[in-house]
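# An overview of the molecular structure
The primary structure of each chain is shown beneath.
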Amino acid sequence: MHYQSENGKVYPVHREQLINDQTGPLNLVGSAGFDPALIRKELPGLWRYLPFLPIEEPYLKTLGEGMTPLLEMDLDGYPVQVKLEHLAPSGSYKDRGSAVLLAWCRQLGVPEVVQDSSGNAGASVAAYAALHNIQCTILVPESTASAKLKQMEAYGAKVLRIPGTREDTARAALQYASHTYYASHCYHPLFFEGTKTFAFEIAEQNHWDIPDTLILPAGNGTLLIGAYLGFKILFEQGITSFIPRMVAVQTAMCAPLQAAWRSLPFVLQEGVSLAEGIAIAEPVRLRQMLNIVQETGGMVLAVDEESIADSRTYIASKGHYIEPTSAAVIAGARNYLKQQLTPGEKVLTLFSGHGLKSK
Ligand SMILES: *Cc1c(COP(=O)(O)O)cnc(C)c1O
């Protein structure tokens, strides 16, 4: 098992300094496959998939992440499956990635980590750092919603507010990472080992009869890429006969993936989107996301501010309280269902983040 960068360079997994400016995002090579007969049903949540994760059992600790409910709902009269990822311990699906990444850090003996995040990823890494007794520093853009900063600080993380854009924070984190282990949800491959379990659960909860289409957020793509990797394994092992079509949703105010998908120049709109969690102007895995959308025959949808606000209200009217970034995904799903759905097509989307910690 080793890490590999996008230009094919190989790195050992026991590296002290995981990432620097030159390394770029890393992928894990040589992780385990999948076999339904080996699922550890007695273990909590996503840890039922322990045999397919590079974590040794003594390092398994849980806050209750994974095995989220899968609901059959209707959106504007169209049937859709919705996975309730906002019910995760820290309030977003990021807990899948953080649970596995921080267990990995503990397994390697890493005493201290740094992370940068516009909100949920920081809160999630801080929660799992607390669980594993690892020191944690989170770099955030100054504009981050205060409830998420309070959450990080409550878990015991040191929070540093960085002036400027989201990208300025990312650059500051890379500098910081030259002397601290970088537990990044964008760069570190172990985060994606965790988000893979989203695919495993969807397949198992559907008795291996998987949905045709997944409608997922695309900021840094941590769920999109993880879900793809998981479904790819299931396909390669012959457990499923195809990989679902991946439909990526962005905010129209910041849609670099849609621009790339349409071969158009990327234009960042001025102002702050309600969907701040997916407003990522320079995602480090842009090419990977684009390849996934193209390979699976998916598409990239960009939603406007009005439809984000409307979808949050619409979902709340059904009794679910989600944050605006999560409502953006639903806005994309509603758009897809109305305009793209074909007869008999099974569609799945998710509630990615809880509403209680947002404005
Ligand atoms: C992080 C996040 C997203 C987007 O995920 P990416 O990994 O940036 O694509 C969507 N919704 C919520 C609630 C999030 O926290």
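To keep things clear, this report deals only with the structure shown in the data block.

Analysis parameters
Along every chain, residues carry numbers that run from 1 in the direction the sequence is written. pLDDT decides what is reported in this predicted model: residues at 70 or higher carry local features, side-chain atom pairs at 80 or more are listed and counted, and totals for whole chains, interfaces and linings draw on all residues regardless. Side-chain numbers come from the whole structure's heavy atoms, not from hydrogens or water. A helix here means a DSSP run of H or I that spans at least four residues, while a strand means a run of E at least two residues long, and both kinds are numbered starting from the N terminus. The quantity called the radius of gyration is restricted to C-alpha atoms. Its globule counterpart is 2.2 Å times the number of residues to the power 0.38. Only protein chains enter the calculation, and the probe is 1.4 Å; a residue is then buried if its accessible area is under 20% of its type maximum, exposed if over 50%, and partly exposed in between. To be clear on the numbers: accessible area is Shrake-Rupley with a 1.4 Å probe, and residue cover counts the displayed protein chains and nothing else. Lys and Arg are tallied as positive, Asp and Glu as negative. Neither His nor the chain termini are counted. Positions of charges follow a simple convention, taking NZ of Lys, CZ of Arg, CG of Asp or CD of Glu. In what follows, a contact means two residues having at least one pair of non-hydrogen atoms within 4.5 Å. Strands are labelled as partners when DSSP assigns at least two bridges between them. Nearness of a residue to a molecule or strand requires only that one of the residue's heavy atoms be within 4 Å of it. Any pair of nitrogen or oxygen atoms within 3.5 Å is treated as a polar contact; in protein, a donor-acceptor pairing is required on top of that, and neighbouring residues in sequence qualify only through side-chain atoms on both sides. Under the convention adopted here, Pro, Cys and the residues Ala, Val, Leu, Ile, Met, Phe, Trp and Tyr are nonpolar, Asp, Glu, Lys and Arg are charged, and Gly plus all remaining residues are polar. For a helix, the expected span equals 1.5 Å multiplied by the residue count minus one.

When helices and strands are counted, the chain shows 10 helices and 13 strands. In summary, the chain has a C-alpha radius of gyration of 19 Å against a globular reference of 21 Å for 359 residues, a match within 12%. In terms of overall dimensions, the chain has C-alpha extents of about 50 × 50 × 40 Å along its principal axes. Buried residues in the chain amount to 59% of all 359 residues. Total accessible area on the chain stands at roughly 14000 Å², and carbon and sulfur atoms take up 51% of it. Here the chain carries 29 positive and 35 negative side-chain charges, and the mean point of each set is 2 Å from the other.

Turning next to the environment of Lys83. Mapped onto the fold, Lys83 is located in strand E5 (residues 78–83). We classify Lys83 as buried; its relative accessible area is 0%. Remark: the alpha-carbon pair of Lys83 and Glu153, spanning 70 residues in sequence, is separated by 28 Å. Excluding residues that lie within four positions of it along the chain, Lys83 makes contacts with Met67, Thr68, Pro69, Leu70, Arg96, Phe198, Glu201, Ile202, Gln205, Thr349, Leu350 and Phe351.

Time to look at the sheet that holds strand E2 (residues 10–11). Here we have three strands laid out as an open sheet, ordered E2-E1-E3, and antiparallel in their pairing. The open sheet terminates on both sides in strands that have one partner only, identified here as E2 and strand E3 (26–29). Pairing of strand E1 (residues 2–5) with E2 involves two bridges; the strand directions are antiparallel. By the bridge assignment, Tyr3 is partnered in E2 with Tyr11.

What surrounds the ligand is a group of 16 residues, the closest being Tyr93, Lys94, Asn220, Gly221 and Thr222. Asn120 places a polar side-chain atom, nitrogen or oxygen, 2.7 Å from an oxygen atom of the ligand. At 2.7 Å from a nitrogen atom of the ligand is found a side-chain nitrogen or oxygen belonging to Ser352. Compared with its free state, where it exposes 380 Å², the ligand has 97% of that area covered by protein. When the residues that make up the shell around the ligand are grouped by side-chain class, the tally is four nonpolar, 10 polar and two charged.

So, on to helix H2 (residues 120–131). Compared with the 16 Å implied by 1.5 Å per residue over 12 residues, the 17 Å span of H2 between its first and last C-alpha is a close match. For H2, the tally of buried residues reaches 11 of 12 residues, placing the bulk of the element in the interior. Each element contacted by the buried residues of H2 is listed here: helix H1 (94–108), strand E6 (112–116), strand E7 (135–141) and helix H3 (146–154).

For the rest of this paragraph, the subject is helix H10 (residues 324–339). Since the α-helix advances by 3.6 residues per turn, residues separated by three or four positions end up pointing in the same direction. Look at H10: 22 Å from first C-alpha to last across 16 residues, which is about the 22 Å you get at 1.5 Å a residue. The buried fraction of H10 is high, at 13 of 16 residues.

Attention shifts here to the sheet that holds strand E9 (residues 181–182). In a beta sheet, neighbouring strands pair by backbone hydrogen bonds and run either parallel or antiparallel. What the four strands build is an open sheet, ordered E8-E7-E6-E9; its pairing is parallel. The sheet is open, and its two edges are formed by strand E8 (158–162) and E9, each paired on a single side. In terms of strand pairing, E6 meets E9 through two bridges, oriented parallel. Counted as the bridge partner of Val114 is Tyr182 from E9.

If you check the backbone angles, Asn133 has positive phi at about 55 degrees while not being a glycine. Along the chain, the position of Asn133 falls in the loop between H2 and E7. The class for Asn133 is exposed, based on a relative accessible area of 64%. Located in the positive-phi region is His207, a residue other than glycine, with phi close to 55 degrees. For His207, a relative accessible area of 66% gives the class exposed.

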